[in-house]
Amino acid sequence: MVVYHLLVLLLSVMPIENRSFVNGLKHDGLSPIISLEEPVLLTSPTDRKNKASVRANKIEISILKRQIQEQQNFIRNLQEKSEAGLGKMNLRLVNGNSSREGRVEVYKDGVWGTVCDNGWDFNDAKVVCKQLFGLDGIPYSHAYFGQGTGLVLMDDVRCNGTESSLLQCDHIDNLHHSCDHSKDAGVICMKAPLIRLSKQKEFQGRVEVYMNNTWGTICDNGWSNIDASVVCRTLGYSEQGLAVPRTVFGNGSGPIHLDNVQCIGRETGLDDCPYSETHSCNHSEDAGVLCILPSQKPRLVNGSTPDEGLVEVFVNDRWLRVCNNWWDRVDSNVTCRSLGYSGGFQISLPMVGERGNDVWFLDKMDCNGDEDSLLKCARSVSTGCSYEAGVICYQTLNGQVRIGNGSSSDDGLVEVMVNDRWRRVCGGIRWGSPEANVTCRRLGFPGGIPVPIPNQRHGMKDIWHLPNIECRGDEATLLDCEASGSGSCSEEGEAGVICYPSSKSAIRLVVGSSPHEGLVEVFMNHQWRRVCDTWWGTDEANVTCKSLNYSGGIPVSVPTQTKGGNNLWKLTHTRCEGNENSLLECEARGTRRCRRDEDAGVICYPSKKGEVRLVNGDSPDEGLVQILVNGHWRGVCAHVWDKNDADVACRSIGFIGGLPISFPGTSRNSREHIWFFNRMDCDGNENSLLECAGWGSPSCRNSAGVICYKSSTATVRLVDGSLPHEGFVEVLVNGRWRSVCDFLWDKSEAKVTCGLLGYSGGIPVTFPTQRNPNEGIWRLPRMECRGNEDSLLKCPANADFPCNKYGEAGVICYHTSNGTVRLVNGSLPHEGVVEILVNGRWRTICDLGWDKNSADITCRRLNYSGGIPLKFPSPRNRREEIWGLQYLRCNGNEDSLLKCNLRGIDGCRHHDDAGVSCYKSLNATVRLVNGSSPHEGVVEVFAHDQWRGICNSYWDKSDAHVTCRSLGYSGGIPVSVPTSYERKEEMWFFSKMDCKGNEESLSECSSEASKTCNTGKRAGALCYDTFNGTVRLADGISPNEGKVEVLVNNQWRRICEGGSEEKNAIVACRSLGYSGGVPVSLSSSNDRKNLLWLLPPMDCFSRYESSLLNCGVSRFDRCSSGQEAGVHCYHKINEMIRLVNGTSSNEGRVEVFIYGTWGTVCDYGWDDNEALVLCRSLGYSGDYTAQKSAYFGQGSGTAWIRRIRCRGRESSIFDCSYPGIRKTNCRRYRDAGVRCK
């Protein structure tokens, strides 16, 4: 029409007489065409005569033709420019989440209409987005953005991508199509690379990228909120996005295009961010996002008052709760201010209700304090929380406090006024002296002692407590302190205090044998209160005794006496620095009962000059130690009694040193009730044992003694050996030959002993005492030589335990440590029993400690490159006249076995002799035999010209991986197979294979060999090229239950029952899109011969593994139990549990829905913890009561669960410990029930 109006304007300026020469004019408004033929003269007869006039008309018409031609060209150009310039006016996007997405609508023939999606592709979307925004686009079909109305104006659009307007593309108009609005086309416009979300309409989903003409995913390595925000901004949804944990949106498909995306936040698209196109990810690691839209205020739920509750935030189309991770006072202040309060306390409560991929939480809140919305603080999204975040909001705080429910006006529970309500305070481990001091000073006392009190289930039960308070000690009120923790105090208990009027309270000692010793009592608030021994030590004893005018004291721990004020609160967890004037100046707490039922006492002394004497010895230089303190001789307990203590004791009575001795029982004092000294801790330089005394004790298990000496030079001899250079060790001390205790006798002590006899080295020998040549002479204690001492008397020694429990120490001394070896009794020259030449005698070695390192050292001495350890049965009738060797410990670098850590022994005694099979090279060629397919079977290794099997001991996933990778597979699963074929008598097995998993061949793994497999089973492997953890359920009554099958090498294989069954079930069901699952025990198929090998039991440790592929593998024996792993999967835990036969919906017999039927729970182990977990999983947060013995009547059907054990923190009873879900023989009168509130 624009062109038509231009032509009208042109004609209006022409002379009237010239307009009549126009013969035709078409003006449809779109393609103006003007046609002028030779003019028909319409003039009158008079005019015909005027030739000059005719000639003039012809000239004018010729000029007019040329002008009209120019106008046609101008109008054509004008039309093209107008279509390009007005393109946005005839195209729009409708019903999208942002202005850059929606249903495509065009303006044509004066109306708006839609576009049919026949042939709708990326080129068409590109033209639309380029025309509107200058961007690229993603095509959507089937009315993705909803169905339009009116006409379908275009169909079968065929753009090549270069057009400037959608109307320029080839298409069918509205008169020639058969579409309806269910096929309306849409687009999402964005900067390349193109991005979409798996749940686009919900502003969330797995992120997918269009690259190389293919949609693919992004690996979540390094995936952060910054990257998620760039995605949301690219999509035009919001400026804020949250990175969603892997597997929440399920596994994607196709290629993984990007990995390690590292945006900084200012980018307009992912192509502006650094990223890697190479990766080692699988689709269980696909990245997801949640785009955060402008939201309404948060709300508080499940609180007892409007100003408290669990925090819920409205995100897009749902209310999300908040995990308590990082939840603190700053976050609670932001929450409460957004609700119109001035501030708030943070609270954490155990999660109640469902978990799973469909139940989301905001997690890791990290507010600065100036945010106007919690959404600006969120750092991640979680699908499960152990504890949820809540708040107690307040308008004004004046810090008013009172003490209630106490036994006096100055002690009791602490209550604080918040919003005109008295609230108690949680009394966890953070409730200490600073908090008690702040409380009591607010009440006018100079200070106080904290008292944690078990939670009172009455009174203020429905009002949330203030959480754990943390004060510095100088705050004016408790509300000025930091706070964290729970609002229920169910575990921590409640906070109480004992306020005192003065820190200089009186102290006395009671129940002691003398005035200077006894139990400690402190006079507080008109009451004498005892002190628990928790944290009671030397500093506390010194403060106590100094306040009683002694110079110091020794702490004593005494079992609680029934006599004397046990009904009063006591002091506990007393901790002094040592310079205080009173115990009340020390940090302490209050309690009704001592945790270990032991009270604190002291032995006070006027000075540290304690006289020492020795009693009950056979000579003046030995005996049990006693110390004179305050006129009483007191014995010493042997606990941690060592040479430093003995040296101090002996020097104090005129000797140069001493050796510690320990004897059973206590030394006999004239008065049995006199307390002992315990836990001496001397460094050896003290002048008196009182300077070392750590504790006192009313009794001793073992008494401390000494053997004192005046010279540290000690003569040594060997006795009762078969050769001069071996035998039991005896040391001459004070004219007496004394044997040595063999406890922890090792190579260092043997080296010192043999060095004193002129040998170059020695091998320690330990043996139970069978002789008693020096009866009545005390034996030397346990020696702890470093190896460089010139006398055994200079070695550290310890007498924790009496030596009469142990044998005597011996040695095998030698002049040289070259360690010549030979092999005997072998069927081949390179294998046999190992013998070592020591001082001209060949000695065997017991197999205890014999390993690959020992075998390698032996074989290298024989000029082989290495060896495999073997075990040979010791002859039962062999009588060893020469001591053998055992407990060999080599690191593999020694050039002789004598340089290893080893011991001597008189015969191997029920053990085997050590042997080796030496080799020049071991390439460990591997094969699989007796399997049901080429990639599975029993593992055999070609070594020493024979195929040799491997015993299943220690056989695990790492060994199977190395085996299968050496055969060209990508990995393997270990299996165990019973030995079922004949072998040659001389053939041996690999009895142990211990790979780390990164070896290229089994020859690089640590190994041992044996003539037999003690387990009767051999190692096998199931090798695979692909194992992505795909799972399905088979033979179930419904789609959500059945036997678990895993796709391995494109074959479905079942799994043996066992391993971490409860966690395995959860992982399997989550990989199928359920929120959880429970294990079900199912019988194996009747005919196992024609089926593929089963997979071994899985060991999922955290239950949050993304697939069974990420779980460990248990050892198994091809399902000898006859059971295959099965599961029952669920979306919501409420679907699996119900309460039956109660008088209301919150009580009844507990029934669970397993394998299509409702069954009961047996009451074996059914208690409060189980009731708590079950009630919480059903949404109840109040009190609970466990009912047993079919309290709500006997049920019917199967009793599915028996012997359940919950800790109280689980989210459902299926997370508790129980021996699998199976039909039990539980009697009906044992059905469990519960009453929830």
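Residues numbered from 1 in each chain as written. Predicted model: local features only at pLDDT ≥ 70, side-chain atom pairs only at ≥ 80, totals over all residues. Heavy atoms only, no water.

Points about the overall build of the protein
- For the protein, the count of helices and strands is 15 helices and 77 strands.
- For the protein, long-range pairs separated by at least 24 residues make up 71% of all intrachain contacts whose partners lie at least 6 apart in sequence.
- Accessible surface for the protein amounts to roughly 54,300 Å². Of this, 46% is attributable to carbon and sulfur atoms. (Helix = DSSP H or I, 4+ residues; strand = E, 2+ residues; numbered from the N terminus. Contact = heavy atoms within 4.5 Å. Areas by Shrake-Rupley, 256 points an atom, 1.4 Å probe, with all protein chains shown as cover.)

Digging into the nonpolar core
- With 32 residues, the main nonpolar core has Ile-218, Trp-223, Val-231, Leu-270 and Val-289 as its most contacted residues.
- Every element with two or more residues in this core is listed here: β6 (136-140), β9 (186-190), β10 (194-199), β11 (204-211), β12 (214-218), α6 (225-234) and β15 (288-292).
- Leave out the neighbours within four places in its chain, and Leu-270 touches Ile-195, Ile-218, Asp-227, Val-230, Val-231, Leu-258, Val-261, Cys-263 and Tyr-275.
- If you look at the next biggest cluster of nonpolar residues, it comprises 31 residues, including Leu-519, Val-625, Cys-692 and Ala-693. (Core = buried A, V, L, I, M, F, W, Y, C linked by side-chain atoms within 4.5 Å. Buried < 20%, exposed > 50% of the residue type's maximum accessible area, 1.4 Å probe, protein only.)

Some thoughts on the state of the cysteines
- For the coordinates displayed, the defined rule picks out 26 disulfides.
- Here Cys-754 engages in a disulfide with Cys-813; their sulfurs sit 2.0 Å apart. One quick way to see it: the torsion about the S-S bond of Cys-754 and Cys-813 is about -80°, and its sign makes the bridge left-handed. Of the two residues, Cys-754 sits in helix α11 (residues 747-756) while Cys-813 sits in strand β50 (residues 808-814), which places them 59 residues apart along the sequence.
- Looking at Cys-754, the relative accessible area reads 0%, which means it is buried. (Disulfide = S-S within 2.5 Å.)

A closer look at the packing of aromatic side chains
- On inspection of all chains with the given rule, the structure shows 15 aromatic pairs.
- Judged by centre distance (6.2 Å) and plane angle (35°), the rings of Tyr-1130 and Phe-1214 are tilted. One end of the pair, Tyr-1130, is in strand β71 (residues 1123-1130); the other, Phe-1214, is in the loop between β76 (1199-1201) and β77 (1233-1236), and 84 residues separate them in sequence.
- Overall, Tyr-1130 belongs to the buried group, its relative accessible area being 7%.
- Taking relative accessible area as the criterion, Phe-1214 reaches 1% and is therefore assigned buried.
- A network of ring pairs unites the aromatic residues Phe-122, Tyr-210 and Trp-215 as a single cluster.
- Looking at Arg-717, its charged tip hangs above the ring of Trp-737, at a distance of 4.1 Å from the centre.
- Over the aromatic face of Tyr-1164 sits the side chain of Arg-1203, whose NZ or CZ is 4.8 Å from the ring centroid. (Phe/Tyr/Trp six-rings, centres within 6.5 Å; stacked < 30°, edge-to-face > 60°. Lys NZ or Arg CZ within 6 Å of the ring centre and 35° of its normal.)

Structural notes on the pairing of strand β24 (residues 411-418)
- In terms of burial, β24 is a largely internal element, 8 of the 8 residues being buried.
- Across 3 bridges, β24 lies against strand β29 (residues 494-500) in antiparallel orientation. Paired with Leu-413 across the two strands is Gly-496, which belongs to β29.
- By the bridge criterion, 4 bridges tie β24 to strand β25 (residues 421-424) in an arrangement that is antiparallel. (Pairing = 2+ DSSP bridges.)

Some thoughts on the environment of Asp-370
- Relative to the helices and strands, Asp-370 resides in the loop between β20 (361-363) and β21 (380-382).
- Among the residues examined, Asp-370 registers a relative accessible area of 67% and is labelled exposed.
- Note: C-alpha distance between Asp-370 and Arg-337 (33 residues apart in sequence) is 9.9 Å.

Examining the pattern of salt bridges
- Inspection of the entire model under this criterion finds 46 salt bridges.
- Asp-272 is paired through a salt bridge with Lys-191; the nearest N and O atoms lie 3.1 Å apart. Separated by 81 residues along the polypeptide, Asp-272 in the loop between β14 (256-258) and β15 and Lys-191 in the loop between β9 and β10 bring together distant segments of the chain.
- Note on Asp-272: relative accessible area 36%, which makes it partly exposed.
- Measuring nitrogen to oxygen at the nearest pair gives 2.7 Å for the salt bridge that ties Arg-299 to Glu-312. Within this pair, whereas Arg-299 is found in strand β16 (residues 299-301), its partner Glu-312 is found in strand β17 (residues 308-315), the two being separated by 13 residues in sequence.
- One network of salt bridges, with partners in common, ties together Arg-1032, Asp-1035, Lys-1043, Glu-1045, Arg-1054 and Glu-1124. (Salt bridge = Lys/Arg side-chain N within 4 Å of Asp/Glu carboxyl O.)

Topic: helix α7 (residues 329-338)
- With 8 of its 10 residues buried, α7 lies for the most part within the structure.
- Among all positions in α7, only Arg-329, Asp-331, Ser-332, Asn-333, Val-334, Thr-335, Cys-336 and Ser-338 are buried.
- Capping the start of α7 is the job of one residue whose side-chain oxygen sits 3.2 Å from the backbone nitrogen of Val-330: Asp-328.
- With its phi angle positive at about 95°, Gly-340 sits one or two positions after the end of α7. (Polar contact = N/O pair within 3.5 Å; in protein donor to acceptor, adjacent residues only side chain to side chain.)

Let's talk about the pairing of strand β51 (residues 821-824)
- Across 4 bridges, β51 lies against strand β52 (residues 831-838) in antiparallel orientation. Directly across from Val-821, in β52, lies its bridge partner Ile-836.

Describing the side chain of Asp-307
- Looking at the element boundaries, Asp-307 is found in the loop between β16 and β17.
- A polar contact of 2.3 Å, which involves the side chain of Asp-307, links it to the side chain of Thr-305.
- Filtering out sequence-adjacent residues up to four positions away, Asp-307 remains in contact with Leu-300, Tyr-341, Val-391, Ile-392, Cys-393, Asn-419 and Arg-423.

Here's the deal with the environment of Ser-1003
- Within the secondary structure, Ser-1003 is located in the loop between β62 (989-994) and β63 (1006-1010).
- Distance from Ser-1003 to Val-941, taken between C-alpha atoms, is 9.3 Å for residues 62 residues apart in sequence.

Describing the confidence of the model for the protein
- Here the protein averages 79 in pLDDT, and 83% of its residues register 70 or above.
- Counting contacts from residues 457-461, a segment whose pLDDT is below 50, to residues more than four positions away or on other chains yields 8 contacts.
- Note that pLDDT drops below 50 for residues 981-986; the model gives that stretch 10 contacts with residues more than four away or on any other chain. (pLDDT = per-residue confidence, 0-100.)

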